[in-house]
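Here is what each chain is made of, one letter per residue.
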Amino acid sequence: MPEHPRVVLLRPLVTSPLIEVGEYTYYDDPDDPTAFETRNVLYHYGPEKLIIGRFCALGTGVRFLMNGANHRMDGPSTFPFPTVGGSWTAHFDLLTGLLNRGDTVVGNDVWFGYGATVMPGVRIGHGAIIGAGAVVTSDVPDYGIVGGNPARLIRTRYNEEDVARLLAVAWWDWPAEHITEHVRTIMSGTIADLEAAAPGS
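Remember, it's a predicted structure, so these values are computed and weren't measured experimentally.

> What am I meant to see in the overall build of the chain here?
From N to C terminus, the chain includes six helices and 15 strands. Taken along the three principal axes of its C-alpha coordinates, the chain extends 65 × 40 × 30 Å. Burial statistics for the chain: of 201 residues in total, 42% are counted as buried. Contacts in the chain between residues at least 24 apart in sequence constitute 43% of all its contacts with a sequence separation of at least 6. A gap of 4 Å separates the mean positions of the 14 positive and 23 negative side-chain charges of the chain.

Rendered as structure tokens:
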């Protein structure tokens, strides 16, 4: 972003076919935010994907650990001997079939605080807030606020009925022009205001 060199939109920067990022999602980092794909998505050898929705805000140091970080835990040692090379590569079969929690999926309109870490295979719902320094080891509900290590649900931003209404209106899927016209409602209006502003209402 021209006036904020530490803030970048991620979608145009991502080159890996294993990472999908929605429009308008940004990352803020004073130390080369353009290196997000290599510095913030770690141990990503595939086949699982990292999928991040639209309009997400990622604070400095947010990291996604992928399934490649897993080690065997069913024997006396967790050391991955075959990855070191040499004659140990003959035992590479010991590294196949490791626990794979699948894709890591982040919904739309999620705010990640400074230094949050997301573990493999986690699903984070729409409108969630991930507190600074949180280590997210399990799924986060839509509009949930989590914090801590391991991250725990602190509260939800809305009750169940209102969450359902927000998911139904799905403002993040509106055309850009319509969003532009209703930014004030999206940021500070009521749910009823948002429903009234929805296209075709």
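> Please clarify how the domain arrangement of the chain should be interpreted in this entry.
How big an interface is tends to be reported as the loss of accessible area on association of its parts. When its domains are assigned, the chain resolves into domain 1 (7-67 + 102-157) and domain 2 (158-200). In this complex, domain 1 contributes ten residues to the contact, which on the side of domain 2 involves ten residues. Both sides together, the interface formed by domain 1 and domain 2 hides about 940 Å², and carbon and sulfur atoms give 64% of it. For domain 1, the biggest contributors to the area lost against domain 2 are F55, Y143 and R157; these three give 49% of the whole.

> Teacher, can you tell me more about the pattern of salt bridges here?
The final tally for this structure, using the stated rule, is six salt bridges. A salt bridge links D28 to R6; the shortest N-O distance between them is 2.5 Å. With D28 in strand β3 (residues 26-28) and R6 in the segment before β1 (7-9), this residue pair connects regions lying 22 residues apart in the sequence. Where E23 meets R54, a salt bridge forms, and the shortest distance between an N and an O atom there is 2.5 Å. Linking E23 in the loop between β2 (19-21) and β3 with R54 in the loop between β5 (50-52) and β6 (57-58), this pair joins segments that are 31 residues apart in sequence. Exposure remark for E23: the relative accessible area of 34% places this residue in the partly exposed category.

> Any chance you could explain the sheet that holds strand β13 (residues 135-136) here in plain terms?
Strand pairs in the sheet, formed through backbone hydrogen bonds, run parallel or antiparallel to each other. Read across the open sheet, the four strands follow the order β4-β7-β10-β13; overall the sheet is parallel. Each edge of the open sheet is held by one strand with a lone partner, namely β4 (41-42) and β13.

> What is the right way to look at the nonpolar core in this model?
Soluble globular proteins: nonpolar side chains tend toward being buried together. L58, F64, F112, I124, I130 and V136 are the most contacted members of the largest nonpolar core, which has 29 residues in total. When contributions to this core are tallied by element, the ones reaching two or more residues are β2 and β5. If near-sequence neighbours (up to four positions away) are discounted, I124 is found in contact with V105, V106, G107, V110, F112, V118, I130, V136 and V140. Counting residues in hydrophobic clusters, the runner-up holds 14 residues, among them F55, L166, V169 and W172.

> Please clarify how helix α3 (residues 160-169) should be interpreted in this entry.
Within an α-helix, residues lying three or four positions from one another point in the same direction, as the helix has 3.6 residues per turn. Listed as buried for α3 are D162, V163, L166 and V169. One side of α3 carries all its buried residues, which in axial view fall inside an arc of 130 degrees. Of the residues in α3, the exposed ones pointing more than 90 degrees away from the buried face are E160, E161 and A168. Next to the buried residues of α3 lie α6 (191-197).

> I keep staring at the packing of aromatic side chains and nothing clicks. Help me out?
Ring pairs (aromatic) are described by centroid distance and by the angle formed between their planes. One pass over the full model with this rule turns up nine aromatic pairs. With centroids separated by 5.1 Å and ring planes inclined at 55 degrees, the aromatic side chains of Y27 and F36 adopt a geometry described as tilted. For Y27, a relative accessible area of 1% corresponds to the buried category. Linked through ring pairs, Y24, F55, W171 and W172 together constitute an aromatic cluster.

> Even after reading the chapter, I still don't get a nonpolar patch on the surface, so can you show me in this structure?
Taken together, the side chains of F79, F81, V84 and W88 define a hydrophobic patch exposed on the protein surface, amounting to about 400 Å² of accessible area. Within the secondary structure, F81 sits in helix α2 (residues 81-84).

> I'm lost on the environment of L13 in this one. Help?
Looking at where L13 falls in the secondary structure, it is placed in the loop between β1 and β2. C-alpha separation for the pair L13 and F36, spaced 23 residues apart in sequence, amounts to 8.4 Å. With sequence-adjacent residues up to four places away left out, L13 is seen in contact with V8, T34 and E37.

About the cut-offs
- Residues numbered from 1 in each chain as written.
- Predicted model: local features only at pLDDT ≥ 70, side-chain atom pairs only at ≥ 80, totals over all residues.
- Heavy atoms only, no water.
- Helix = DSSP H or I, 4+ residues; strand = E, 2+ residues; numbered from the N terminus.
- Buried < 20%, exposed > 50% of the residue type's maximum accessible area, 1.4 Å probe, protein only.
- Contact = heavy atoms within 4.5 Å.
- Lys, Arg positive; Asp, Glu negative; His and termini not counted.
- Charge placed at Lys NZ, Arg CZ, Asp CG, Glu CD.
- Domains from an automatic or database assignment.
- Buried area = accessible area lost by both parts, 1.4 Å probe.
- Salt bridge = Lys/Arg side-chain N within 4 Å of Asp/Glu carboxyl O.
- Pairing = 2+ DSSP bridges.
- Core = buried A, V, L, I, M, F, W, Y, C linked by side-chain atoms within 4.5 Å.
- Arc of directions from axis to C-beta.
- Phe/Tyr/Trp six-rings, centres within 6.5 Å; stacked < 30°, edge-to-face > 60°.
- Patch = residues over 30% accessible without salt bridge, like charges linked within 9 Å, V, L, I, M, F, W, Y side chains within 5 Å.
- Areas by Shrake-Rupley, 256 points an atom, 1.4 Å probe, with all protein chains shown as cover.

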